[in-house]
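Observations on the model geometry
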Amino acid sequence: MAREAGKAFIRVVAGDDKGKGWELSPGTPCILGRSRTSTLRLQDGAASATHARIECVDGLWHVTDLNSTHGTYANNQRLLSPKPMFDRDIIRIGRTQLEFREYEQLDKEDLSEIDRGVALPD
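Residues numbered from 1 in each chain as written. Predicted model: local features only at pLDDT ≥ 70, side-chain atom pairs only at ≥ 80, totals over all residues. Heavy atoms only, no water.

Structurally, Thr96 is set in strand β11 (residues 96-103). Given the relative accessible area of 0%, Thr96 is considered buried. Side-chain polar atoms of Thr96 contact the side chain of Asp44, separated by 2.8 Å. If we skip the residues at most four places from it in the chain, Thr96 touches Val12, Ala14, Gly15, Leu42, Asp44 and Ile91. (Helix = DSSP H or I, 4+ residues; strand = E, 2+ residues; numbered from the N terminus. Buried < 20%, exposed > 50% of the residue type's maximum accessible area, 1.4 Å probe, protein only. Polar contact = N/O pair within 3.5 Å; in protein donor to acceptor, adjacent residues only side chain to side chain. Contact = heavy atoms within 4.5 Å.)

Of note in the backbone geometry, Asp58 takes a positive phi value of approximately 50 degrees without being a glycine. The residue Asp58 is located in the loop between β5 (52-57) and β6 (60-65) in this model. Positioned with a positive phi, Asn76 is a non-glycine residue whose angle comes to about 70 degrees. Within the fold, Asn76 resides in the loop between β7 (72-74) and β8 (77-78). When its relative accessible area of 69% is taken as the criterion, Asn76 is described as exposed.

A few words on the nonpolar core. Side chains that are nonpolar tend, in soluble globular proteins, to be buried together. Membership of the largest hydrophobic core comes to 22 residues, with the highest contact counts inside it found for Ile10, Leu24, Ile54, Trp61, Ile93 and Leu98. Sorting the residues of this core by element identifies β1 (7-14), β2 (21-24), β3 (30-33), β5, β6, β10 (90-93) and β11 as the ones contributing at least two each. If near-sequence neighbours (up to four positions away) are discounted, Leu98 is found in contact with Ile10, Arg11, Val12, Val13, Trp22, Leu32, Asp89, Ile90, Ile91 and Ile93. (Core = buried A, V, L, I, M, F, W, Y, C linked by side-chain atoms within 4.5 Å.)

With that settled, the discussion passes to the packing of aromatic side chains. Counted by the stated rule, this structure contains one aromatic pair. Between Trp61 and Phe100 the ring centres are 6.4 Å apart and the planes differ by 55 degrees, which places this aromatic pair in the tilted class. Residue Trp61 is found in strand β6, and its partner Phe100 is found in strand β11; the two are separated by 39 residues along the sequence. Above the plane of the ring of Tyr73 lies Arg92, whose end atom (NZ or CZ) is 4.1 Å from the centre. (Phe/Tyr/Trp six-rings, centres within 6.5 Å; stacked < 30°, edge-to-face > 60°. Lys NZ or Arg CZ within 6 Å of the ring centre and 35° of its normal.)

A few words now on the sheet that holds β5. Sheet strands associate in pairs through backbone hydrogen bonding, adopting either a parallel or an antiparallel arrangement. The strand order across the open sheet built from five strands is β4-β3-β5-β6-β9, with neighbouring strands paired in mixed fashion. Of all strands in the sheet, those bounded by a partner on one side alone are β4 (40-41) and β9 (83-84). By the bridge criterion, six bridges tie β5 to β6 in an arrangement that is antiparallel. Opposite Glu55, over in β6, you have His62 as the bridge partner. (Pairing = 2+ DSSP bridges.)

This paragraph deals with the confidence of the model for the protein. Looking at the protein, the pLDDT average stands at 85 and 80% of residues meet or exceed 70. Of the regions scoring below 50 in pLDDT, residues 118-122 engages in ten contacts with residues more than four places distant in sequence or in other chains. (pLDDT = per-residue confidence, 0-100.)

Let's shift gears to the pattern of salt bridges. All told, the structure shown has six salt bridges when counted by the stated rule. We note a salt bridge from Asp44 to Arg95, for which the minimum N-O separation is 3.4 Å. Here Asp44 is found in the loop between β4 and β5, whereas its partner Arg95 is found in the loop between β10 and β11, with 51 residues between them in sequence. Among the residues examined, Asp44 registers a relative accessible area of 1% and is labelled buried. Taking relative accessible area as the criterion, Arg95 reaches 54% and is therefore assigned exposed. In the salt-bridge network here, residues are joined through shared partners; they are Arg11, Arg88 and Glu99. (Salt bridge = Lys/Arg side-chain N within 4 Å of Asp/Glu carboxyl O.)

Take a look at the structure:
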């Protein structure tokens with residue numbers, strides 16, 4: 001039996017897009033990169049057009065490098081295959097660092113640094 005996916009979001013903690021954040025949907029893979037077609041578009045010139053993918057597989061969130069020029073790193077280790085992500089893991093794409101967060105209920109204090117991208121429920 002597959003694990004039920006938790007709610008999740010990522011936020012940029014360092015780089016040109018610092019403060020930007022996105023909620024992740026378990027049924028929708030997210031492509032990170034510079035391309036206009038990327039789900040999560042980054043302004044980082046060192047990021048590939050389609051750099052990495054974040055998706056939920058069997059209830060676990062994973063990050064995968066998409067054969068990017070400079071690689072994708074999770075907790076300072078270069079990804080050679082999809083890596084399961086856990087709360088507060090750091091993903092690095094070019095000069096951009098993103099923090100992965102899982103949650104049961106949104107904590108507005110925890111999200112106070114996010115100034116665009118995530119809509120908080122009332």
